[in-house]
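Examination of the molecular architecture
Letter by letter, the chains look like this.
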Amino acid sequence: MLRPAILTILCDRAEGLHGYAVEQELQTLKFFRDQPPDYTGLYRLLKRMESEELLSSTKSDSHAGPCKRVYRLTDRGRRCLSRWLDSLTKYQEMLEDLLARAKETVEISETS
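Right, let's walk through the structure included here. As the structure is a computational prediction, the values presented were derived from the model and not from experiment.

Turning next to the overall build of the chain. Across its full length, the chain carries five helices and three strands. A compact globule built from 112 residues should have a C-alpha radius of gyration of about 13 Å, whereas the chain, at 19 Å, is more than 25% larger. Counting across all 112 residues of the chain, residues that qualify as buried make up 28%. Contacts in the chain between residues at least 24 apart in sequence constitute 51% of all its contacts with a sequence separation of at least 6. Looking at the chain as shown, the accessible area adds up to about 8,100 Å², and 53% of this sits on carbon and sulfur atoms. Across the chain, the 18 positively charged side chains and the 18 negatively charged ones have centroids separated by 8 Å.

Attention shifts here to the side chain of T74. Take T74: it is sitting in the loop between β3 (68-73) and α5 (75-111). Separated by 3.0 Å, the side chain of T74 and the backbone oxygen of L54 make a polar contact. Setting aside anything within four residues of it in sequence, one finds T74 in contact with E53, L54, L55 and S56.

Within helix α1 (residues 2-11), eight of the ten residues are buried, which leaves the element mostly enclosed by the surrounding structure. Of all the residues in α1, the buried ones are L2, R3, P4, A5, I6, L7, I9 and L10.

We now examine the packing of aromatic side chains. Scanning all chains against the criterion turns up one aromatic pair. Ring centres 5.1 Å apart and planes at 65 degrees place the aromatic pair F31 and F32 in the edge-to-face group.

Attention now moves to the nonpolar core. Counting residues in hydrophobic clusters, the biggest one holds 21 residues, and the most contacted among them are I6, L7, L10, L26 and L55. Of all elements in the fold, only α1, α2 (19-26), α4 (39-51), β3 and α5 reach the threshold of two or more residues within this core. By residue number, the principal contributor to this core is α1, which donates six residues. Setting aside residues up to four positions removed in sequence, L10 forms contacts with L17, V22, L55, Y71 and L73.

Within the structure shown, the criterion is met by five salt bridges. For R3, the salt bridge identified is with E52, shortest N-O distance 2.6 Å. Remark: E52 occurs in the loop between α4 and β2 (55-60) and R3 occurs in helix α1; sequence separation between them is 49 residues. Residue class for E52 comes out partly exposed when judged on its relative accessible area of 29%. E53 is the salt-bridge partner of R76, the closest N and O atoms lying 3.7 Å from each other. In this pair, R76 sits in helix α5 while E53 sits in the loop between α4 and β2, placing the two residues 23 residues apart along the sequence. Each member of the salt-bridge network shares a partner with another, and the members are D12, R13 and E25.

Criteria and cut-off values
- Residues numbered from 1 in each chain as written.
- Predicted model: local features only at pLDDT ≥ 70, side-chain atom pairs only at ≥ 80, totals over all residues.
- Heavy atoms only, no water.
- Helix = DSSP H or I, 4+ residues; strand = E, 2+ residues; numbered from the N terminus.
- Rg over C-alpha atoms; globule rule 2.2 N^0.38 Å.
- Buried < 20%, exposed > 50% of the residue type's maximum accessible area, 1.4 Å probe, protein only.
- Contact = heavy atoms within 4.5 Å.
- Areas by Shrake-Rupley, 256 points an atom, 1.4 Å probe, with all protein chains shown as cover.
- Lys, Arg positive; Asp, Glu negative; His and termini not counted.
- Charge placed at Lys NZ, Arg CZ, Asp CG, Glu CD.
- Polar contact = N/O pair within 3.5 Å; in protein donor to acceptor, adjacent residues only side chain to side chain.
- Phe/Tyr/Trp six-rings, centres within 6.5 Å; stacked < 30°, edge-to-face > 60°.
- Core = buried A, V, L, I, M, F, W, Y, C linked by side-chain atoms within 4.5 Å.
- Salt bridge = Lys/Arg side-chain N within 4 Å of Asp/Glu carboxyl O.

In structure tokens:
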């Protein structure tokens, strides 16, 4: 779920975000609050997504410390996010159906 989360976070950020800011934004999502992603893995994924042309990056000057890489969503990344939205919506529908059936089954067994 890290990939669609990154695409979502960067989608409305024309100015882009550096890796640490992406980390911070991920922590605001319920999905990652209790179990944040491995940050080494996050930076590897950002690089991989850039090599797949889902993201672009530039180096920004930093007054305090080394230069930071700022990531932006590409047009290809937006299309990928759109496909993720379709897939996740279908998955949500399937989960809702399963949950409804499971609750119904539990209610029936509890009354028997």
